[in-house]
Amino acid sequence: TYSASVRSVLPVLLSARRISPPSDGPAHDGKIIGKDEVVYTYDQPTPIPSYLLAIAAGNLQYQPFQVPEGKQWKSGVWSEPELMASAFWEFSRDTASFLAAAENLAGPYQFGVYDLLVLPPSFPYGGMVSYTLFYTTSIHYHQENPCLTFVTPTLLAGDRSLTDVVIHELTHSWFGNGVTHAHASHFWLNEGWTTYIEPLLDALALFEDKPKYQKLVIDFDHGENPDSAYSRVPYDKGANFLLYIERTLGGLEVFLPYVKDYIATYMGHSITTETWKNHLYAYFQKNGGEAQIKALNSINWDAWLHQSGLRGMNHDTPTDISKLDFKSSDLDSLDANQRAVFLERLESYNEPLPAGHLFHFDKLYSFSKTLSAEIRFRFYTLVLKSQAAKHFVQGAANWVIGVDDTGVIKGRMKFCRPVFRALFKVDPNLTISTFRQARTQFHPIAQSLIAQDLGLDLAGLRVGG
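What counts and how
- Residues numbered from 1 in each chain as written.
- Predicted model: local features only at pLDDT ≥ 70, side-chain atom pairs only at ≥ 80, totals over all residues.
- Heavy atoms only, no water.
- Helix = DSSP H or I, 4+ residues; strand = E, 2+ residues; numbered from the N terminus.
- Buried < 20%, exposed > 50% of the residue type's maximum accessible area, 1.4 Å probe, protein only.
- Contact = heavy atoms within 4.5 Å.
- Areas by Shrake-Rupley, 256 points an atom, 1.4 Å probe, with all protein chains shown as cover.
- Salt bridge = Lys/Arg side-chain N within 4 Å of Asp/Glu carboxyl O.
- Pairing = 2+ DSSP bridges.
- Axes fitted to C-alpha atoms, helices over the stretch in contact; angles between N-to-C directions.
- Phe/Tyr/Trp six-rings, centres within 6.5 Å; stacked < 30°, edge-to-face > 60°.
- Expected span 1.5 Å × (residues − 1).
- pLDDT = per-residue confidence, 0-100.
- Core = buried A, V, L, I, M, F, W, Y, C linked by side-chain atoms within 4.5 Å.
- Polar contact = N/O pair within 3.5 Å; in protein donor to acceptor, adjacent residues only side chain to side chain.

Description of the overall build of the protein chain
Then, number 1: Scanning the protein chain for helices and strands turns up 16 helices and 13 strands.
Then, number 2: Every one of the 465 residues in the protein chain was classed for burial, and the buried ones make up 52%.
Then, number 3: When contacts within the protein chain are restricted to residue pairs at least 6 apart in sequence, long-range pairs at least 24 apart make up 70% of them.
Then, number 4: Approximately 20,600 Å² of the protein chain is accessible, and the part contributed by carbon and sulfur atoms is 51%.

Here's the deal with the pattern of salt bridges
Then, number 1: All chains considered together, the criterion is met by 14 salt bridges.
Then, number 2: Salt-bridge contacts for glutamate 374 lead to arginine 412; the nearest nitrogen and oxygen are separated by 3.5 Å. Within this pair, whereas glutamate 374 is found in helix α12 (residues 373-383), its partner arginine 412 is found in the loop between α13 (389-400) and α14 (413-426), the two being separated by 38 residues in sequence. Considered together, glutamate 374 and arginine 412 belong to a single accessibility category, that of buried residues.

Observations concerning the sheet that holds strand β1 (residues 2-8)
Then, number 1: Spatial strand order, β1-β4-β3: three strands in an open sheet with antiparallel pairing. Where the open sheet ends on each side, the last strands, each with one partner, are β1 and β3 (17-20). The average angle at which neighbouring strand axes cross in this sheet is 30°, direction not considered.

Let's talk about the packing of aromatic side chains
Then, number 1: By the definition in use, this model includes 36 aromatic pairs.
Then, number 2: Between tryptophan 188 and phenylalanine 241 the ring centres are 5.8 Å apart and the planes differ by 45°, which places this aromatic pair in the tilted class. Of this pair, tryptophan 188 sits in helix α4 (residues 188-197) while phenylalanine 241 sits in helix α5 (residues 233-249), placing them 53 residues apart in sequence.
Then, number 3: A relative accessible area of 0% places tryptophan 188 in the buried class.

Digging into α5
Then, number 1: The end-to-end C-alpha distance of α5 is 23 Å, a good match for the 24 Å that 17 residues give at a rise of 1.5 Å each.
Then, number 2: The element α5 is extensively covered by neighbouring structure, given that 14 of its 17 residues are classed as buried.
Then, number 3: Within two residues after α5, glycine 250 carries a phi angle of roughly 125°, on the positive side.

A closer look at the confidence of the model for the protein chain
Then, number 1: For the protein chain, mean pLDDT is 83; residues scoring 70 or higher make up 86% of the total.
Then, number 2: Mean pLDDT across the elements of the protein chain bottoms out in strand β10 (residues 139-141) (33) and peaks in strand β4 (residues 38-44) (97).
Then, number 3: Across residues 126-143, where pLDDT falls below 50, the model places 81 contacts with residues more than four positions away in sequence or in other chains.
Then, number 4: Low pLDDT, under 50, characterises residues 460-465; the predicted model gives this stretch 13 contacts beyond four residues in sequence or across chains.

Let's talk about the nonpolar core
Then, number 1: Membership of the largest hydrophobic core comes to 79 residues, with the highest contact counts inside it found for Trp193, Ile245, Tyr262 and Trp276.
Then, number 2: The element best represented in this core is helix α6 (residues 252-266), accounting for seven residues.
Then, number 3: Once residues lying within four places of it in the same chain are set aside, the contact partners of tryptophan 193 are Phe175, Trp188, Leu242, Phe255, Tyr258, Val259, Tyr262 and Trp276.
Then, number 4: Counting 50 residues, the second-largest nonpolar core is a separate cluster that includes Leu358, Phe379, Ala389 and Phe392.

Some words on the side chain of threonine 431
Then, number 1: Of note, threonine 431 is situated in helix α15 (residues 428-438).
Then, number 2: Only 3.1 Å separates the side chain of threonine 431 from the backbone oxygen of leucine 423, close enough to count as a polar contact.
Then, number 3: In contact with threonine 431, other than residues within four places in its own chain, are Phe420, Leu423, Phe424 and Leu454.

Thoughts on the environment of phenylalanine 150
Then, number 1: Looking at where phenylalanine 150 falls in the secondary structure, it is placed in strand β11 (residues 148-151).
Then, number 2: Sequence separation of phenylalanine 150 and aspartate 115 is 35 residues, and the distance between their C-alpha atoms is 8.8 Å.

Let's talk about the environment of threonine 41
Then, number 1: Tracing the chain through its elements places threonine 41 in strand β4.
Then, number 2: When the C-alpha atoms of threonine 41 and serine 3 are compared, they prove to be 7.6 Å apart, with 38 residues separating the residues in sequence.
Then, number 3: Once residues lying within four places of it in the same chain are set aside, the contact partners of threonine 41 are Ala4, Ser5, Arg17, Arg18, Ile19 and Ser20.
Then, number 4: Side chain to side chain, threonine 41 and serine 20 meet in a polar contact 2.8 Å long.

Some details on the side chain of aspartate 362
Then, number 1: Position of aspartate 362 among the secondary structure elements: in helix α11 (residues 355-365).
Then, number 2: Side-chain polar atoms of aspartate 362 contact the side chain of serine 368, separated by 2.8 Å.
Then, number 3: If we ignore the near neighbours within four places in the chain, the residues touching aspartate 362 are Phe367, Ser368, Phe379 and Phe392.

Examining unusual backbone geometry
Then, number 1: For the peptide bond that leads from serine 20 to proline 21, omega is -15°, which places it in the cis range.
Then, number 2: Looking at the element boundaries, proline 21 is found in the loop between β3 and β4.
Then, number 3: Positive phi is not limited to glycine here, since cysteine 147 has a value of about 75°.
Then, number 4: One can find cysteine 147 in the loop between β10 and β11.
Then, number 5: Note on cysteine 147: relative accessible area 3%, which makes it buried.
Then, number 6: Unusually for a residue other than glycine, serine 366 sits at a positive phi of about 55°.
Then, number 7: By the element assignment, serine 366 lies in the loop between α11 and α12.
Then, number 8: A residue is classified by how much of its surface remains accessible, and serine 366, at 32% relative accessible area, is partly exposed.

Written as structure tokens, this is what we have:
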């Protein structure tokens, strides 16, 4: 827990409940932003780990959301004035209802306030649950946390198609902000549980050349940077593991009461995988029976937790485009998320689609022109590993640094790192020049990891010549 008092000429946000001035009052307590000092006071009565202490400051405005009747918590959005109208429209309909639905699964929301803060385009994540950073633009921030979720402006799609990221981030209020992993080796407890509740099921497809990072429980060497292992593995493999446990034990009716007991037992604590597993067994020894313990014993714990693994699928495709009965209206009934899943499934095949098919698809469905970052990203990851890569490589390079119709750099690491890696395999010189051109627009963590991916130092020089 903590309390804080901050004197600033800019509006200040912390990972806590604001005491004064009121969030829904005049911005900066009615004083002149950038000139007059205001004292901001906050209190966080719910226990949190120290890494979730966060602060943000900038030319910020607030607009509250309507919350369901009977709820004691508040919710709203913070942004710069230029983004407020679009940010409020994007998030106001769903955020409070998402949070209320999460309470039905995991128990009461403990933090009193759930606000969103829309960050600059260079923000390297979709949303964050504990993350230290600093900006020298019009918004300065130090991490995302309880009470305040930091989100990227790439979520402002104009059609609310990407607001499901908020589901993931608010679920961290229970798994991550509430029950926290004790150290980096057990990070999957945060992301696996969160993604299980979300839920999302995607294929595991990263770190083929470094299988250690495909494990749920990673034994980091002394001095090894946990950021190097950042990927979808703890999210999706962790979620799949929890789904497997749920089905092994008998389904949601059996598993959800355990979920609530898990939260109630460890709220405000930091735990390890072994602690979680011991509690799982203890709960079903007390509340289940011999069948549940036998089911738990049937699980290959070592394979799930300590071994690497990938999933893939085979496919057969016709090669004569004239035989393909596709129309531009084929995807009209799919929303943005379903279109993204469609592309993701195509990308997961062991063999890439023929170039002619991809040209044909893009002509019909305009994947390379959509303003949806999720769809454009999945299309580029699909085509850049195909025979059509040379055709799309310049467009993908322009897109990731915002030199295109979007005009926005894709600083979210979910987008920029995979795209730069894919670009490098197709055209290393173009990739390096593109990164050099826009490097300083990316967040320092993203800069470091992209440079690592490309074999560059941060001056833009190739390692080893």
